[in-house]
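Spelled out from the first residue to the last, the chains are:
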Amino acid sequence: KFEFNPKDGIDNPALSLAEDTDGESLGEPRFYLLSKGSEETFGFCLHKELGCWGHVIRQVELGGLAQRRGLQDGDRLLQVNGHFVDHMDHQRVVQKIKASGNQVLLAVLDGGSYKAAKALGRDLSQMLPADIRPRLCHIKRDKSGFGFSVSGPEGVKGTFQLSVRQDGPAERAGVPPGSWLLELNGASVRSYSHAQLARKVRAPGAGGWGTRAGNVTERPAFPIQLKQSGSKVTLLVASSAVEEFYRLRGLRITSAVADTSWLPFKVRELHMVKGPSGYGFLLKEDDCSSGATGQFLWEVDAGLPAEQAGMKEGDRLLAVNGESIEGLNHQQTVLRICARDDQVTLLVIDPASDEFYQSVGLGDSVWSHP
């Protein structure tokens, strides 16, 4: 039992036991963009361990992708593709990683710092940037155009900044003023010079808005009128803050980590309670437009739970009860739908939206982009 000695005062060594409570020794979250081949794995397992907080990185494969990038055994997973996951059900987090396809952006914290932060009652989400996702924006032109112009420094490839007209189509589609253009209709612009990008568009009239900044000469900005896009165009853009975040960490920005909430194309969640005549639809396996095999919904019976939930003929099934069906065959998918006797929740996408997401490289991973 410790008894206070006024002669020792605050210099008593026993008082040093409770010193380091300000969290200054906590490590910083680390970010990794893992890109694998279709036949490869990411090279780690994610565990939920008894008596242990968080989603734990384990079995980091020696020489595998995760180890080469820097993931370590015991790291705690905080984010998947910009979404905070520490509070999520473990199986849901595993599915978000699986649904990312061949590319995933992870944020982790070392095990010691994670435990210390939890013990101090820290809000782990506050240790991460507010929003590190680029945006996918689908713009429909009006009579005056798409409502944005492009400019960039002379002689520098892949650097294109956007000027956005107030209340124009681009602004309404969610393009932030001053953002950087990364992809155009699913194709990267990294290798394009200003002249090459200009050849992909038609720029009627004189350019405007060109500026001179120090010794850097910029090409005149030109209004976008895309030759191959008709009345619509899809851009992957990043604000200056997001672009800086990725650049400082040596990470490439891709549509796999994009915020898709601005897009008019949506996946739909259908919750159905089985009636006396069943759910009222037929599940059929068929080829997707991408060439892969998919599970499609047909013969939606009028007045039965499937139609009442909003199911449409030709919808493609993406997930059952929150779990992706990617990699499952027809029979396995049927068993998953029937796993609960009286109800099921399906995530589906209509043909037009499906074709769009395939065209911008998201494919089945779209279900993990709320």
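Basis of the calculations
- Residues numbered from 1 in each chain as written.
- Predicted model: local features only at pLDDT ≥ 70, side-chain atom pairs only at ≥ 80, totals over all residues.
- Heavy atoms only, no water.
- UniProt positions renumbered as here; feature names shortened; annotations may be inferred.
- Helix = DSSP H or I, 4+ residues; strand = E, 2+ residues; numbered from the N terminus.
- Contact = heavy atoms within 4.5 Å.
- Areas by Shrake-Rupley, 256 points an atom, 1.4 Å probe, with all protein chains shown as cover.
- Core = buried A, V, L, I, M, F, W, Y, C linked by side-chain atoms within 4.5 Å.
- Buried < 20%, exposed > 50% of the residue type's maximum accessible area, 1.4 Å probe, protein only.
- Domains from an automatic or database assignment.
- Salt bridge = Lys/Arg side-chain N within 4 Å of Asp/Glu carboxyl O.
- Lys, Arg positive; Asp, Glu negative; His and termini not counted.
- Polar contact = N/O pair within 3.5 Å; in protein donor to acceptor, adjacent residues only side chain to side chain.
- Patch = residues over 30% accessible without salt bridge, like charges linked within 9 Å, V, L, I, M, F, W, Y side chains within 5 Å.
- Charge placed at Lys NZ, Arg CZ, Asp CG, Glu CD.
- Phe/Tyr/Trp six-rings, centres within 6.5 Å; stacked < 30°, edge-to-face > 60°.
- Lys NZ or Arg CZ within 6 Å of the ring centre and 35° of its normal.
- Arc of directions from axis to C-beta.
- Pairing = 2+ DSSP bridges.

By the naming in an unreviewed UniProt entry, the protein is NHRF4 protein, taken from Scopus umbretta. A UniProt comment under Subcellular location (unreviewed entry) is attached to the protein, and it reads "Cell membrane".

**Student:** Kindly report on the overall build of the protein, identifying the contributing residues and their values.
**Tutor:** Scanning the protein for helices and strands turns up nine helices and 21 strands. Counting only contacts in the protein whose residues sit at least 6 apart along the sequence, the fraction spanning at least 24 positions is 67%. When the accessible area of the protein is evaluated, it comes to approximately 19,300 Å², of which 49% is carbon and sulfur surface.

**Student:** Let's hear about the nonpolar core: which residues, and what values?
**Tutor:** Note on soluble globular proteins: their nonpolar side chains tend to be buried together. The biggest cluster of nonpolar side chains holds 31 residues, and the ones touching the most others in it are Phe31, Leu105, Leu136, Tyr246 and Tyr357. Counting residues per element, the ones that place at least two in this core are strand 1 (30–35), strand 6 (103–109), helix 3 (111–119), strand 15 (232–238), helix 6 (240–248) and helix 9 (351–359). Two domains each put at least three residues into this core: domain 1 (30–127) and domain 2 (135–203 + 220–257). Discounting residues that sit within four places of it in the chain, Leu136 has contacts with Thr234, Leu235, Leu236, Ser255, Ala258, Asp259, Thr260, Trp262, Leu263, Val360 and Leu362.

**Student:** Outline the pattern of salt bridges, listing residues and values.
**Tutor:** Within the structure shown, the criterion is met by 11 salt bridges. Residue Glu49 is joined to Arg58 by a salt bridge in which the shortest nitrogen-to-oxygen separation is 2.7 Å. Accessibility expressed as a relative area gives 23% for Glu49, which makes it partly exposed. Among the charged side chains, a network of salt bridges with common partners joins Glu49, Arg58 and Asp73.

**Student:** For the side chain of Lys36, give the residues involved together with the corresponding values.
**Tutor:** Locating Lys36 in the fold gives a position in the loop between strand 1 and strand 2 (45–47). Buried Lys36, no salt bridge; nearest opposite-charge side chain is Glu40, N-O distance 7.0 Å. Of note is the side chain of Lys36, whose polar atom sits 3.2 Å from the backbone oxygen of Glu40. Not counting residues within four places of it along the chain, the set of residues in contact with Lys36 comprises Thr41, Phe42, Leu65, Gly101 and Asn102.

**Student:** Any chance you could break down helix 2 (residues 90–98) for me, citing the residues and the numbers?
**Tutor:** Along helix 2, the residues that are buried comprise His90, Val93, Val94, Gln95, Lys96 and Ile97. Between a side-chain oxygen at the N-terminus of helix 2 and the backbone nitrogen of Gln91 the separation is 3.1 Å; the capping residue is Asp89.

**Student:** Quick rundown of a negative patch on the surface? Include the residues and the values.
**Tutor:** Together, Glu299, Asp301, Glu307 and Glu313 line one region of the surface with negative charge. Along the chain, the position of Glu313 falls in the loop between helix 7 (305–309) and strand 19 (316–320). By relative accessible area, Glu313 is classed as partly exposed at 43%.

**Student:** Got a sec to walk through the packing of aromatic side chains? Specific residues and values, please.
**Tutor:** Under the criterion given, the structure shown has five aromatic pairs. Here the aromatic rings of Phe245 and Tyr246 are separated by 5.4 Å at their centres, their planes lie at 80 degrees, and the arrangement is edge-to-face. The burial state of Phe245 is the same as that of Tyr246; both residues are buried. Grouped by ring-pair contacts, the aromatic residues Phe31, Phe245 and Tyr246 constitute a single cluster. Note that Lys36 overlies the ring of Phe42, its terminal NZ or CZ placed 5.3 Å from the centroid.

**Student:** Account for unusual backbone geometry, with residues named and values stated.
**Tutor:** Unusually for a residue other than glycine, Asn81 sits at a positive phi of about 50 degrees. Here Asn81 lies in the loop between strand 4 (76–80) and strand 5 (83–84). Positive phi values are uncommon outside glycine, yet Asn185 reaches one of about 55 degrees. Among the secondary structure elements, Asn185 is positioned in the loop between strand 10 (180–184) and strand 11 (187–188).

**Student:** Give me the lowdown on helix 3, citing residues and values where you can.
**Tutor:** Those residues of helix 3 that sit buried are Gly111, Ser113, Tyr114 and Ala117. The arc that holds the buried residues of helix 3, viewed along the axis, is 165 degrees, so those residues lie on one side. With respect to the buried face of helix 3, the exposed residues turned more than 90 degrees away are Gly112 and Ala119. At its buried positions, helix 3 is contacted by strand 4 and strand 6. Between the side-chain oxygen of the N-cap and the backbone nitrogen of Gly112 there are 3.2 Å, and the N-cap of helix 3 in question is Asp110. Positive phi appears at Gly121, one or two residues downstream of helix 3, with a value of about 75 degrees.

**Student:** Can you explain the pairing of strand 21 (residues 343–349)? Please cite residues and give values.
**Tutor:** Extensive coverage of strand 21 is indicated by the burial of six of its seven residues. One ladder, built from six bridges, connects strand 16 (residues 268–273) with strand 21; its direction is antiparallel. Residue pairing in the sheet places Val273 in a bridge with Gln343 of strand 21. Both strand 19 and strand 21 contribute to a ladder of four bridges, which runs antiparallel. Opposite Ala319, over in strand 21, you have Leu347 as the bridge partner.

**Student:** Break down the environment of Leu71 for me, citing the residues and quoting the values.
**Tutor:** Tracing the sequence through the fold places Leu71 in the loop between helix 1 (65–69) and strand 4. Classification of Leu71 by relative accessible area gives buried; the value is 4%. Residues Leu71 and Asp110 lie 39 residues apart in sequence; the distance between their C-alpha atoms is 9.2 Å. When near neighbours in sequence (up to four residues on either side) are disregarded, Leu71 contacts Arg30, Tyr32, Leu34, Phe44, Val60, Ala66, Leu106 and Val108.

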